Amino acid sequence: MKTFSSPAIVLRRIDYGDYDLILTLFTMERGKIAAIAKSAKKSTKRFGGILEIFSVLDVVCSSGRGGNLVILQEADLINCLADIRTDFNKTAYASYWSEIVNVWAENDAKQERLYRLLYYVLEQIDSGHVSAEILSILFQMRFASIAGICPNLVRCSMCQLAVDSIREEHISFDFQKGGVVCRKCTGNSGNRLSLSKGTIKQLLWVDSGDLKKAGKIRFTSLALEGGLNFLEAFVTYNLGKEMQSLKILRQIRKK
Ligand SMILES: [Zn+2]
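Residues numbered from 1 in each chain as written. Predicted model: local features only at pLDDT ≥ 70, side-chain atom pairs only at ≥ 80, totals over all residues. Heavy atoms only, no water.

1. So, the packing of aromatic side chains
Then, in step 1: This model, assessed by the stated rule, comprises 12 aromatic pairs.
Then, in step 2: Seen in terms of ring centroids, F26 and Y115 are 6.2 Å apart; in terms of plane orientation they differ by 40 degrees. Their pairing is tilted. With F26 in strand β2 (residues 20-27) and Y115 in helix α4 (residues 112-127), this residue pair connects regions lying 89 residues apart in the sequence. Note on accessibility: F26 and Y115 belong to one class, buried.
Then, in step 3: Ring pairs connect the aromatic residues Y93, W97, W104, F139 and F143, which therefore count as one cluster.
Then, in step 4: One residue, R30, lies across the ring of F4, its end atom 4.1 Å from the ring centre.
Then, in step 5: Here the guanidinium or amino end of K42 rests over the ring plane of Y19, the centre of that ring lying 4.8 Å away. (Phe/Tyr/Trp six-rings, centres within 6.5 Å; stacked < 30°, edge-to-face > 60°. Helix = DSSP H or I, 4+ residues; strand = E, 2+ residues; numbered from the N terminus. Buried < 20%, exposed > 50% of the residue type's maximum accessible area, 1.4 Å probe, protein only. Lys NZ or Arg CZ within 6 Å of the ring centre and 35° of its normal.)

Here it is as structure tokens:
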């Protein structure tokens, strides 16, 4: 048996039989892992009731020879982020970010930058210092760059004309090409969405500089809406999966 310890965020928890829980953990040291927490349901003493979704823990796990079944041996609470679970809107955004990580991350592959990014947005949405919408733009832009799918918002993906030199106020974004396309190069085909120059500018600001500064950028409500619509479509297109949490998030936002 090998043991390892790491900070970890609980992405999912499901009941397993009458006594146990299976947790999907996003760990700093080993990326995404599935771990069984034996007797976690039977006895609250065993883990002290801290194995909640979005909780940040210090975990000690052991894995057998095949490495398939990871057993959670110990868990200490680093940050319970309890406000996320008591606020509908916060739960919806946190679930969406967690699902993105869960869908994209491979098992047992360290992703320290993504771990820090997810921890940052969860901590911020819990505290309520930055709006959920801005955090979601920040998370998705930074996720795209970590995942190597960064959208090209700087120049036309075909003729390389700089966005600043494009005269129209609204520019097409071509999902297949992963970037903006000027009007001259835009054919009739393709999966596209229109972005305003104002939205593009704000998305690029969010993508530069450190996380704390990026979280303080003020968006106009139009740029916020345009940015969220675009990034949610962009991430969905690139992950190749309709996420359940995104459907719920959009329903909540309509209300
Ligand atoms: Zn062009």
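2. Some points on the domain arrangement of the protein
Then, in step 1: What the domain assignment reports for the protein is domain 1 (1-80) and domain 2 (83-255).
Then, in step 2: Domain 1 puts 22 residues into the contact, and the matching count from domain 2 is 23 residues.
Then, in step 3: A combined buried area of about 1,900 Å² lies between domain 1 and domain 2, and 60% of that area is made up of carbon and sulfur atoms.
Then, in step 4: Its largest share of buried area at the contact with domain 2, domain 1 owes to M28, K32 and F54, together 38% of the area lost on that side. (Domains from an automatic or database assignment. Contact = heavy atoms within 4.5 Å. Buried area = accessible area lost by both parts, 1.4 Å probe.)

3. A few points about the coordination of the zinc ion
Then, in step 1: Distances from the zinc ion to its protein donors, namely C156 (SG), C159 (SG), C182 (SG) and C185 (SG), fall within the range 2.3 to 2.4 Å.
Then, in step 2: Coordination at the zinc ion comes from four donor atoms whose angles at the metal span 102 to 116 degrees, giving a geometry best classed as tetrahedral.
Then, in step 3: Written as a sequence motif, the donor arrangement for the zinc ion is C-x2-C-x22-C-x2-C. One end of the pair, C159, is in the loop between α5 (132-146) and β6 (170-174); the other, C185, is in the loop between β7 (179-181) and β8 (192-196), and 26 residues separate them in sequence. (Donors = N, O, S within 2.8 Å, 3.2 Å for Na, K, Ca; no water. Tetrahedral: all angles 85-135°; square planar, octahedral: opposite > 155°, others 65-115°.)

4. Quick notes on the sheet that holds β8
Then, in step 1: As summarised here, the arrangement of the three strands in space is β7-β6-β8, forming an open sheet in which the pairing is antiparallel. In this open sheet, the two edge strands, each paired with only one partner strand, are β7 and β8. Strand after strand, the sheet turns through a mean of 45 degrees between neighbouring axes, direction not considered.
Then, in step 2: Relative to β8, β6 is paired through five bridges, and the arrangement is antiparallel. (Pairing = 2+ DSSP bridges. Axes fitted to C-alpha atoms, helices over the stretch in contact; angles between N-to-C directions.)

5. A closer look at the environment of R218
Then, in step 1: Its place among the elements puts R218 in the loop between α7 (211-214) and α8 (221-239).
Then, in step 2: Note on R218: relative accessible area 75%, which makes it exposed.
Then, in step 3: With 16 residues separating them in the primary sequence, R218 and Q202 have C-alpha atoms 8.7 Å apart.

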